[in-house]
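Okay, here's what each chain looks like letter by letter:
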Amino acid sequence: MDKFPFRYDKDEVSRYIQFDDMPQPIDGALEDALRSVEVKGAVVLDYGCGLGREVPRLFALGAQSVVGCDPSPDMIAGAQQRLADGRRGDPALVRFDEIGDLPLPYPDNSFGGILSRFVFHYVADTKALLEELHRVAKPGSWLVACFSDVHFEPGFEHLANTDLPLEFPGGASARTLAKPGSEVVENAKSVGFEIVKYENVLNGSVATVPDSYPHKDKIRPEVGLLVARKKI
């Protein structure tokens, strides 16, 4: 079963490249979340790393090394190019892996921290993914994740996990799932993570639902930020 159904094609990657190094609204909240955990000295997994834009942030906060992984070969190629031209840190301390479906290609208890930036709303089976992230995390390690958290008007909860297109400032767009943040939080708890904090940030979402979506007035996308820890 494909646990990560969405893969960017070359045209979509080219649209994302123009925003890669620009400041983004989530940056401040994500920085605060990472400062609240023990990044210093950790081997960090950046799950769904895309072009690797968070790698310099992780090193600035003291990460020992970073492994970025993504199911898109075009994203990984872009990340590797940025590593080669010096925009992603020391090549001896960074690796970018193209991954397929679950399970993840890493041993148990491999990472002292896991970052996942805007990934869970692409994943149909978040519990299976969180089980794998829990497996590869060391006891006591942390998980920081941000993702689209969709709220539904009463009577429209059946739209959860159905296709949801989103549009972003500057012309970027994405094909996501209408993922309620409560599902991610409950699944994280069920596989053994301790929830440190979960909140909606940015006072709304940076994304908008296009007018062509038939239930636009029945859903409200927010941005959820999760900080969790694997129990010792």
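Here's what I pulled together on the structure shown here. These numbers come from a predicted model, not from an experiment.

## What to know about the overall build of the protein chain
Here is step 1 of the chain: Across its full length, the protein chain carries six helices and nine strands.
Here is step 2 of the chain: Relative to its length of 232 residues, the protein chain is compact, with a C-alpha radius of gyration of 17 Å against a globular reference of 17 Å.
Here is step 3 of the chain: Across its three principal directions, the C-alpha atoms of the protein chain cover 50 × 40 × 35 Å.
Here is step 4 of the chain: A buried classification covers 53% of the 232 residues belonging to the protein chain.
Here is step 5 of the chain: If you take every contact in the protein chain between residues at least 6 apart in sequence, the share linking residues at least 24 apart comes to 75%.
Here is step 6 of the chain: Here the protein chain displays about 10,200 Å² of accessible surface, and carbon together with sulfur accounts for 52% of that area.

## Concerning the pairing of strand 5 (residues 137-152)
Here is step 1 of the chain: Burial analysis of strand 5 places 12 of its 16 residues in the buried class, the great majority of the element.
Here is step 2 of the chain: Bridging between strand 4 (residues 111-117) and strand 5 involves six bridges; their strand directions are parallel. Considered in strand 5, the bridge of arginine 117 is made with cysteine 146.
Here is step 3 of the chain: Where strand 5 lies against strand 9 (residues 219-230), 11 bridges are found, and the strand directions are antiparallel.

## A word on the nonpolar core
Here is step 1 of the chain: Counting residues in hydrophobic clusters, the biggest one holds 29 residues, and the most contacted among them are Leu45, Tyr47, Tyr106, Leu130 and Leu133.
Here is step 2 of the chain: Among the elements of the structure, strand 1 (43-47), strand 2 (65-70), strand 4, helix 5 (126-136), strand 5, helix 6 (181-190) and strand 9 are those that each provide at least two residues to this core.
Here is step 3 of the chain: With five residues, the single largest contributor to this core is helix 5.
Here is step 4 of the chain: When near neighbours in sequence (up to four residues on either side) are disregarded, tyrosine 106 contacts Leu45, Val67, Cys69, Arg95, Asp97, Ile99, Phe111, Arg135 and Val136.

## Concerning the environment of leucine 51
Here is step 1 of the chain: Along the chain, the position of leucine 51 falls in the loop between strand 1 and helix 3 (55-60).
Here is step 2 of the chain: The exposure class of leucine 51 is buried, given its relative accessible area of 5%.
Here is step 3 of the chain: Once the C-alpha coordinates of leucine 51 and proline 139 are considered, the two residues, 88 residues apart in sequence, prove to be 28 Å apart.
Here is step 4 of the chain: Apart from the residues lying within four places of it in its own chain, the contact partners of leucine 51 are Ile17, Asp20, Met75, Gly78, Ala79, Arg82 and Arg88.

Conventions we followed
Residues numbered from 1 in each chain as written. Predicted model: local features only at pLDDT ≥ 70, side-chain atom pairs only at ≥ 80, totals over all residues. Heavy atoms only, no water. Helix = DSSP H or I, 4+ residues; strand = E, 2+ residues; numbered from the N terminus. Rg over C-alpha atoms; globule rule 2.2 N^0.38 Å. Buried < 20%, exposed > 50% of the residue type's maximum accessible area, 1.4 Å probe, protein only. Contact = heavy atoms within 4.5 Å. Areas by Shrake-Rupley, 256 points an atom, 1.4 Å probe, with all protein chains shown as cover. Pairing = 2+ DSSP bridges. Core = buried A, V, L, I, M, F, W, Y, C linked by side-chain atoms within 4.5 Å.

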